[in-house]
Amino acid sequence: MSRGDMCISRTMKSYQKLTTAVPQPAACWVEEEGSASTPAGRGKLAPWWVGSGLLVAAVLLSTVTVWVLRQVSGGWPGPTPPPKCLLIPESHRFDCYPERHVVVTQELCESRGCCFIESPLPVGGKRGVPWCFYPPDFPSYSLESLNQTALGMVGLLVRREKTYYPRDIEMLRLDVEFETDTRLHIKITDAANPRYEVPLEVPPVMKRAENPIYSLDFSRNPFGVLLRRKATGTVLLNTTVAPLIFADQFLQISTLLPSRFLYGLGEHRGTLLHSLDWSTLTLWARDVSPTESFNLYGAHPFCLLMEEGGDAHGVFLLNSNAMEVVLQPAPGLTWRTIGGVLDFYIFLGPDPNMVIQQYQQVIGFPAMPPLWALGFHLCRWGYGSSNETWQTVRAMRNYQIPQDAQWNDIDYMDGYRDFTIDPQKFASLPSLVEDLHKHRQRYVMILDPGISSTNPRGSYWPFDEGLRRGLFLNTTQGQPLIGQVWPGFTAFADFSNPDAHQWWLENLQHFHAHVPFDGVWIDMNEPSNFMDGSEDGCPPGELDSPPYTPAVLGDSLSAKTVCASAKQKASVHYNLHNLYGLMEAKATASALIQIRGKRPFVISRSTFPSQGRYSGHWLGDNRSQWKDMYYSIPALLSFSLFSIPLVGADICGFSGSTSEELCTRWMQLGAFYPFARNHNTQNEKAQDPTVFSPAARTAMKDVLLIRYSLLPFLYTLFHRAHLQGDTVARPLFFEFPRDVATLGLDRQFLWGRSLLVTPVLEPGVDSVTGYFPRGVWYDFYTGSSVNSSGEMLKMSAPLEHLNLHVREGAILPTQKPGTTSEATRGNPLRLIVALSQSATAWGDLFWDDGESLDTFERGSYSYLVFNVTQNIFTSTVLHASTEATEVTIGTLSIFGVRKPPSKVLLNGQEKPFSYLDNEVLTVSDLGLSLSQGFSLQWL
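Being a predicted model, the structure only gives us computed values, none of them experimental.

## Points about the packing of aromatic side chains
Move 1: According to the stated counting rule, one finds 47 aromatic pairs in the structure shown.
Move 2: Arranged with centres 5.2 Å apart and planes meeting at 90°, the rings of phenylalanine 250 and tyrosine 548 form a pair that is edge-to-face. With a gap of 298 residues between them, phenylalanine 250 in strand 12 (residues 250-256) and tyrosine 548 in the loop between strand 26 (519-522) and helix 10 (573-576) connect regions that are remote in the sequence.
Move 3: Phenylalanine 250 sits in the buried class, given a relative accessible area of 1%.

## So, the sheet that holds strand 7 (residues 183-190)
Move 1: With antiparallel pairing, eight strands are arranged side by side in an open sheet as 4-5-6-7-19-16-15-13. Looking at the sheet topology across the chains shown, the edges are occupied by strand 4 (141-148) and strand 13 (261-266). Strand-to-strand twist of the sheet, defined as the mean angle between neighbouring strand axes without regard to direction, takes the value 15°.
Move 2: The pairing of strand 4 with strand 5 (residues 152-159) spans seven bridges and is classified as antiparallel. Residue pairing in the sheet places serine 145 in a bridge with leucine 156 of strand 5.

## Some details on empty space enclosed by the protein
Rolled over the atoms, a probe sized like a water molecule indicates the empty space that remains.
Move 1: Counting across every chain of the model gives eight cavities of 30 Å³ or more.
Move 2: Considering only enclosed or pocket space, the largest cavity measures out at about 220 Å³ in volume.
Move 3: Around the largest cavity, the lining is made up of 22 residues, and of these Leu237, Thr255, Val315, Trp335 and Phe344 lie nearest the centre.
Move 4: Those elements that place two or more of their residues in the lining of the largest cavity are strand 7, strand 10 (235-238), strand 12, strand 15 (300-306), strand 16 (312-317), strand 18 (332-337) and strand 19 (342-347).
Move 5: Across the lining of the largest cavity, the residue classes break down as 17 nonpolar, five polar and no charged.

## Considering the sheet that holds strand 18
Move 1: Sheet architecture is open: five strands sit in the order 11-12-18-17-14, paired in antiparallel fashion. Looking at the sheet topology across the chains shown, the edges are occupied by strand 11 (245-247) and strand 14 (279-283). Going across the sheet, the axis of each strand differs from the next one's by a mean of 15°, ignoring polarity.
Move 2: The sheet contact formed by strand 14 and strand 17 (residues 323-328) spans five bridges and is antiparallel. Paired with threonine 282 across the two strands is glutamate 324, which belongs to strand 17.

## Points about the environment of threonine 490
Move 1: With respect to the helices and strands, the residue threonine 490 is situated in strand 25 (residues 488-492).
Move 2: Judged by its relative accessible area of 0%, threonine 490 falls in the buried class.
Move 3: On a C-alpha basis, the gap between threonine 490 and serine 534 in space is 9.6 Å, while along the polypeptide they are 44 residues apart.
Move 4: Excluding residues within four positions of it along the chain, threonine 490 makes contact with Gly450, Ile451, Ser452, Ser453, Leu481, Ile482, Gly483, Gln484 and Val485.

## A closer look at unusual backbone geometry
Note on backbone geometry: most residues besides glycine have negative phi, and most peptide bonds are trans.
Move 1: That bond from asparagine 221 to proline 222 is cis: its omega, 5°, falls within 30 degrees of zero.
Move 2: On the secondary structure map, proline 222 appears in the loop between strand 8 (214-219) and strand 9 (224-229).
Move 3: A positive phi angle is found at histidine 101, which is not glycine, with a value near 60°.
Move 4: Mapped onto the elements of the fold, histidine 101 is located in the loop between helix 3 (83-86) and helix 4 (106-111).
Move 5: Of note in this structure, glutamate 919 is not a glycine but carries a positive phi near 70°.
Move 6: The topology assignment puts glutamate 919 in the loop between strand 48 (914-916) and strand 49 (920-923).

## Topic: the packing of helix 14 (residues 694-709) against helix 15 (residues 711-724)
Move 1: Orientation of helix 14 relative to helix 15, taken along the N-to-C sense of each, is 55°, at an axis distance of 5 Å. Classified by the interaxial angle, the pair formed by helix 14 and helix 15 is oblique. Here Arg707, Tyr708 and Ser709 of helix 14 come into contact with helix 15, specifically with Leu711, Pro712 and Leu714.
Move 2: Across the contact of helix 14 with helix 15, the residue classes break down as four nonpolar, one polar and one charged.

## Quick look at the pattern of salt bridges
Move 1: Evaluation of the coordinates by the stated rule reveals 42 salt bridges.
Move 2: The closest approach of N and O atoms between lysine 598 and glutamate 851, which form a salt bridge, is 3.4 Å. Of the two residues, lysine 598 is situated in the loop between helix 11 (580-596) and strand 27 (602-604) and glutamate 851 in the loop between strand 42 (841-847) and helix 18 (855-858); the sequence distance between them amounts to 253 residues.
Move 3: For glutamate 851, a relative accessible area of 21% gives the class partly exposed.
Move 4: When the shortest N-O distance is used, the salt bridge between glutamate 762 and arginine 747 registers 3.0 Å.

## Section: the state of the cysteines
Move 1: Taken as a whole and assessed by the stated rule, the structure comprises five disulfides.
Move 2: Disulfide partner of cysteine 85: cysteine 115, at an S-S distance of 2.0 Å. Disulfide cysteine 85-cysteine 115: the torsion about the S-S bond is -75°, which places it as left-handed. Taken together, the residues span a long stretch of sequence, with cysteine 85 in helix 3 and cysteine 115 in strand 2 (residues 115-116) at a distance of 30 residues. For the pair shown, cysteine 85 and cysteine 115 are each scored as buried.

## Considering the pairing of strand 9
Move 1: Within strand 9, six of the six residues are buried, which leaves it mostly tucked inside the rest of the structure.
Move 2: Burial along strand 9 is two-sided: the face carrying Gly224, Leu226 and Arg228 and the face carrying Val225, Leu227 and Arg229 are both buried.
Move 3: Bridge count between strand 8 and strand 9: six bridges; the pairing is antiparallel. For tyrosine 214, the partnering residue across the bridge sits in strand 9 and is arginine 229.
Move 4: As consecutive antiparallel partners, strand 8 and strand 9 are separated by four residues.
Move 5: Taken together, the three bridges between strand 9 and strand 10 define a ladder with antiparallel strand orientation. Paired with leucine 226 across the bridge in strand 10 is asparagine 238.

## What about the nonpolar core?
Move 1: Counting 240 residues, the largest nonpolar core has Trp335, Phe672, Phe873 and Leu936 as the members making the most contacts within it.
Move 2: Ranked by residues supplied to this core, first place goes to helix 12 (residues 626-641) with 10 residues.

## Things to note about the side chain of histidine 805
Move 1: Residue placement: histidine 805 occurs in strand 39 (residues 803-807).
Move 2: By relative accessible area, which is 6% here, histidine 805 ends up buried.
Move 3: Sequence-distant contacts of histidine 805, defined by excluding residues within four places in its chain, comprise Ser754, Leu755, Leu756, Phe772, Trp777, Tyr778, Asp779, Phe780 and Met795.

## Describing helix 5 (residues 352-363)
Move 1: Relative to the 16 Å expected for 12 residues at 1.5 Å per residue, helix 5 spans 17 Å between its end C-alpha atoms, a close match to the ideal helical length.
Move 2: The set of residues buried in helix 5 consists of Pro352, Asn353, Val355, Ile356, Gln357, Gln358, Tyr359, Gln360, Val362 and Ile363.
Move 3: Structurally, the start of helix 5 carries an N-cap: the backbone nitrogen of asparagine 353 is 2.9 Å from a side-chain oxygen of aspartate 351.
Move 4: Backbone geometry just downstream of helix 5 places glycine 364 in the positive-phi region, at approximately 105°.

## Here we look at a nonpolar patch on the surface
Move 1: Residues Tyr416, Trp486 and Phe530 make up a contiguous nonpolar surface patch of roughly 250 Å² in combined accessible area.
Move 2: Tracing the backbone shows tryptophan 486 in the loop between strand 24 (483-485) and strand 25.

## Thoughts on helix 11
Move 1: Between its first and last C-alpha, helix 11 extends 24 Å over 17 residues, near the 24 Å set by a 1.5 Å rise per residue.
Move 2: Counting buried residues in helix 11 gives 13 out of 17 residues, a clear majority hidden from the surface.
Move 3: Residue glycine 597 follows helix 11 closely and has a positive phi angle near 70°.

## A few points about the packing of helix 6 (residues 386-398) against helix 7 (residues 429-438)
Move 1: The interhelical angle for the contact between helix 6 and helix 7, taken along N-to-C directions, is 20°, at an axis separation of 9 Å. In this view, helix 6 runs roughly parallel relative to helix 7, as classed from their interaxial angle. At the point where helix 6 passes helix 7, the crossing takes the left-handed sense. Two secondary-structure elements touch here, helix 6 through Ser386, Thr389, Trp390, Val393 and Arg397 and helix 7 through Leu429, Ser431, Leu432, Asp435 and Leu436.

## Side note on the side chain of glutamine 357
Move 1: With respect to the helices and strands, the residue glutamine 357 is situated in helix 5.
Move 2: Among the residues examined, glutamine 357 registers a relative accessible area of 19% and is labelled buried.
Move 3: Beyond its immediate chain neighbours, meaning those up to four positions away, glutamine 357 contacts Phe365, Gln724, Gly725 and Asp726.

Reading the values: rules and limits
Residues numbered from 1 in each chain as written. Predicted model: local features only at pLDDT ≥ 70, side-chain atom pairs only at ≥ 80, totals over all residues. Heavy atoms only, no water. Phe/Tyr/Trp six-rings, centres within 6.5 Å; stacked < 30°, edge-to-face > 60°. Helix = DSSP H or I, 4+ residues; strand = E, 2+ residues; numbered from the N terminus. Buried < 20%, exposed > 50% of the residue type's maximum accessible area, 1.4 Å probe, protein only. Pairing = 2+ DSSP bridges. Axes fitted to C-alpha atoms, helices over the stretch in contact; angles between N-to-C directions. 1 Å grid on protein atoms, 1.4 Å probe; cavity = no way out; pocket = protein on both sides within 12 Å on 5 of 7 lines; lining within 4 Å. Points joined across faces, edges and corners; volume = space filled by probe spheres on them. Nonpolar A, V, L, I, M, F, W, Y, C, P; charged D, E, K, R; others polar. Contact = heavy atoms within 4.5 Å. Parallel < 35°, antiparallel > 145°, perpendicular 65-115°, else oblique. Salt bridge = Lys/Arg side-chain N within 4 Å of Asp/Glu carboxyl O. Disulfide = S-S within 2.5 Å. Core = buried A, V, L, I, M, F, W, Y, C linked by side-chain atoms within 4.5 Å. Expected span 1.5 Å × (residues − 1). Polar contact = N/O pair within 3.5 Å; in protein donor to acceptor, adjacent residues only side chain to side chain. Patch = residues over 30% accessible without salt bridge, like charges linked within 9 Å, V, L, I, M, F, W, Y side chains within 5 Å. Areas by Shrake-Rupley, 256 points an atom, 1.4 Å probe, with all protein chains shown as cover. Left-handed = near helix turned anticlockwise from the far one by under 90°.

Below, the structure written as structure tokens:
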């Protein structure tokens, strides 16, 4: 028993009333403050808890009385609900009957031991206040024992009364580890039997945190967790609001939230900031065009929460089973999953950037992409032939429009079979790839995990060999599960089997010998299936028909995918489904490293936490509509939170027909997606930049040249992401967490700390309104400044113009753009300095050969820091490599120089300069090697 094994019932009873507005049975509380337990009887919170408690109790009593009288006088249908039910305000009703497609009656509800109160249904068929909800005395687990361990505590939870789902687990083990001062790990699992856990390697912790910035208390009966931020006293978790349920196939825990500013929980289409108005977010990988409220391609059980006052924390539930996260206005949140364990990591920030870094310390930092990955990519389904693909590449070169990579969709294949080429239409593909390489461009092709199973034996090696080695998903009968994808009937590679990685590598090697591709696009890896389950459906049983099915599209776990009962090497598909894309990405990245010996480039549709280590992501099969262009921004920013920085949407839209105006605006926005690819479906008119009017084509070319000029800055941001988990595309609230006006912004975003992108997102306008947080912002093109008090500003935005602004205090490394990233690399740099109001600025530059593996880890890179103080710009080389000697710094543009200088000195020698009325100082023809430090002073 821990040192704090005493009841603090008096203090805590008022706490329970205060937070849940429900009188709870006097609970025994154990208080565990970081690493040192505070004697429980001191009651140091008592004065304000009791005061607030009395106030809230008085208000509550009067409100409840009025409410009860109103309900009764309005003629209550049937018997009046018991007082314990009436005491729970609507916003705090946690759903006791979440099953869909069931009309919940009083009888059904009360058979579960829950409260039943009808309330008006919301319009539009949305779910609203639950009619059936937990009473305050619903049986839960009690904390029977709690003992200190080297890293924290271990406890035993016991449930004495069964719940209404089968196979309740009556004894649970609670493990608490104070992993770092800003990270807490809480895991709840079966005390007696092993259960499936996500096979994700997490860093081992050797010693307990010494000065955690959080404190942790427990309620004994009913069991609950109370987590506070020490500095502010804010309660971050309070799980006493609803019972903990832990049955074999139904695990549920609820908590109150300290605010309504909640982000993350992917993959979904919607605003960046979630609505807490009774919304349910389902996590189960599914092939469906991005649509509001559907579960989409990936599963990311991670959320970020902004607290009042600007602090932030994050919560990660390491669980890969089908899951729902329910949000309600209390504000409250319920995690509900149908397998595995409850394995929570809580990250205390306190700043949102730090929360994301702390999350990545657990799941891993994203890979450093090759430089060419950050160029412009072009693709479509339906080029029809390699010659037509080639013509598009030539047209792009002809107009000198930047392009780094040409892609092909499934039409390059023979009968849509992986690792084949259509011998008629794509016969010249090897020559096309050779030509791309000659022009320092790259080639990427699509692969699907469904392997055609209907070819004559001996005619299709990928299937024959996969079958021989036993590398496909099997049915419960032990035969390969056959579904249907593009080539017809298919078997599905089991990437949870290490032997399948070797087979995948061999397939890619054979293909690469013929078509030396540079990157791989892995699609359909939810996995997608045109049938539900398999050609034989799915067998009866609790994997395919579990006691509870979350709110998945299609109402079945096997809808448009394989049977949940399918057998894989590591476990059943029921447990591994959400990991399928991650496992394929891992196999593909590993194969590319072995084949090319360079940094791998993989773009995947399905994703799971840690995937940024192996691949980027595109946002799936969007439509050529204005709203789709808008929705790409919150999606982009969410994937920044999920540690997959290499992300973008299909520019100009995949399905449907784009317009010249939409495509121009989308190319402007898309030029600032970290991953920029224009992609189109078959049987639609072409939408690459070459097919539009000269004016639109020029606008598209110009914005791509701006992107290419910013490659040194973007590449450095990716280095910081790889090194320490900084985001690349970043929501404004990350930089201005105390400015509440930024918390809902998702029509603008930043690159790093300092480049603000304000795209036009609607048709027929020549202006755009954007929010400028307090401070000085400089026009990227002219250097003219605007000093904002934190306000919305209307800006001119003709069709050829994208508004870009540089934040005061930043130094951006840019480069004269070429038509490929390699051509750009050799050009002189221009450093843009945006002086702060105190005339200071800072920036950095990471530079290497752009494609070799582990350049940072091996020391084959250059890293420079730029600084301005007291009218002196200094460039300091902190680390040097040979690549840097080939590049020169040509120009310095300094924004915000208030007085015209009389002279400019470079390393003490006078230099000519120009100075404009808008306070921009420019010094050109510097000709300085990047590998040499220097200083430049203006007097």
